[in-house]
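# Structural description and commentary
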Amino acid sequence: MLPSQEKIVSLPQLLSAVEEWRAQGQKIVFTNGCFDIVHMGHVDYLERARLLGDKLVVGLNTDQSVSKLKGSSRPLQDEMSRIRVMASFWFTDAVVLFEQETPLELIKAVQPDILVKGDDYALENIVGHEIVLARGGAVKTIPLVKGYSTSQVVSKILESQ
């Protein structure tokens, strides 16, 4: 098994890892997304998120939840492709799929120390912010790199045909 595949975990495996990391005094950072076509904006965002703590957990939308959120033409890449790409980054410590449209249940289970989203979200609109703040954690936004989005990549591809 490749080392990156070891980072792809089920929820029970993730909770066991989180418990172990906490016992070692490590801060758990959590973020989530579809990460359909990974671009420089995603890499910048995820690397900055990881630098806020010791371990970065990425919740990845399943194909079904991406379709509900983004429409029937998405995702462009299946969940197994997307999860392998996410797990391959040095700054990602665990990647777990979630089926719901929001990661609320996952955040309740993981109880991260730091919850992160892009600065296109207002703090009060970040799903799970109440849970993290209630246990003394922090909710942070990271400035997004302008000009990079999956929608823009898709538009560019379609225009070039």
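The structure presented is a predicted model; accordingly, all values stated were derived computationally and were not measured.

## Description of the sheet that holds strand E4 (residues 114-118)
Backbone-to-backbone hydrogen bonds join strands into a sheet, with any given pair of strands oriented parallel or antiparallel. Strand order in the open sheet formed by five strands is E3-E2-E1-E4-E5, with parallel pairing between adjacent strands. Strand pairing shows two members of the sheet lacking a second neighbour, strand E3 (94-98) and strand E5 (138-142), which therefore form its edges. Sheet twist, expressed as the mean angle between neighbouring strand axes with direction ignored, is 25°. Taken together, the two bridges between strand E1 (residues 28-33) and E4 define a ladder with parallel strand orientation. Each residue of the ladder has a partner; that of Phe30, found in E4, is Leu115. This element, helix H2 (residues 40-50), spans E1, strand E2 (55-61), E4 and E5 of the sheet and lies at about 140° to E2. Helix-sheet contacts for helix H4 (residues 79-88) involve E2 and E3, and the interaxial angle to E2 is about 165°.

## Some points on the packing of aromatic side chains
Within this structure, the stated rule accounts for two aromatic pairs. Measuring from ring centre to ring centre gives 5.0 Å for Phe89 and Phe91, while their planes differ by 15°; the resulting arrangement is stacked. Here Phe91 falls in the buried class, since its relative accessible area comes to 3%. Consider the rings of Trp90 and Phe91, whose centres lie 5.4 Å apart with planes at 80°: the pair is edge-to-face.

## Comments concerning the side chain of Asn61
Considering the arrangement of structural elements, one finds Asn61 in strand E2. A relative accessible area of 2% means that Asn61 is categorised as buried. Once residues lying within four places of it in the same chain are set aside, the contact partners of Asn61 are Gly33, Cys34, Val66, Leu69, Arg82, Leu97, Phe98, Gln100 and Glu101.

## Considering the pattern of salt bridges
Scanning the entire structure with this criterion turns up eight salt bridges. In this structure, the salt-bridge partner of Arg50 is Asp93, at a minimum N-O distance of 3.1 Å. Taken as a pair, Arg50 in helix H2 and Asp93 in the loop between H4 and E3 lie far apart in primary sequence, 43 residues in all. When its relative accessible area of 16% is taken as the criterion, Arg50 is described as buried. In this structure, the salt-bridge partner of Asp93 is Lys55, at a minimum N-O distance of 4.0 Å. You can see Asp93 sitting in the loop between H4 and E3 and its partner Lys55 sitting in strand E2, a full 38 residues away along the chain. By relative accessible area, which is 18% here, Asp93 ends up buried. Counted as one network, the salt bridges with shared partners bring together Arg22, Asp113 and Arg135.

The rules behind these values
For every chain, the first residue of the written sequence is number 1, and numbering continues from 1 along that sequence. Totals for whole chains, interfaces and linings use every residue, but because this is a predicted model, local features are given only for residues with pLDDT of at least 70 and side-chain atom pairs only at 80 or more, for both listing and counting. In computing side-chain properties, one takes all heavy atoms of the structure into account and sets aside hydrogens as well as water. One bridge is not enough; two strands pair if DSSP finds at least two bridges between them. The numbering of helices and of strands both runs from the N terminus, where a helix is a DSSP run of H or I of at least 4 residues and a strand a run of E of at least 2. Axis geometry follows a simple rule: fit a line to the C-alpha atoms, using only the stretch in contact for helices, then measure angles between N-to-C directions, giving values from 0 to 180 degrees. Residue contacts are counted whenever heavy atoms from the two residues lie within 4.5 Å of one another. Here is the rule: rings of Phe, Tyr and Trp (six-membered ring for Trp) pair when centre to centre is within 6.5 Å. Planes less than 30 degrees apart are stacked, more than 60 are edge-to-face, and the remainder are tilted. For every residue, the accessible area (1.4 Å probe, protein chains only) is compared with the maximum for its type, and the residue is labelled buried under 20%, exposed over 50%, or partly exposed between those bounds. The term salt bridge refers to a side-chain nitrogen of Lys or Arg lying within 4 Å of a carboxyl oxygen of Asp or Glu.

Geometric descriptors of this kind do not, in isolation, establish any biological role.
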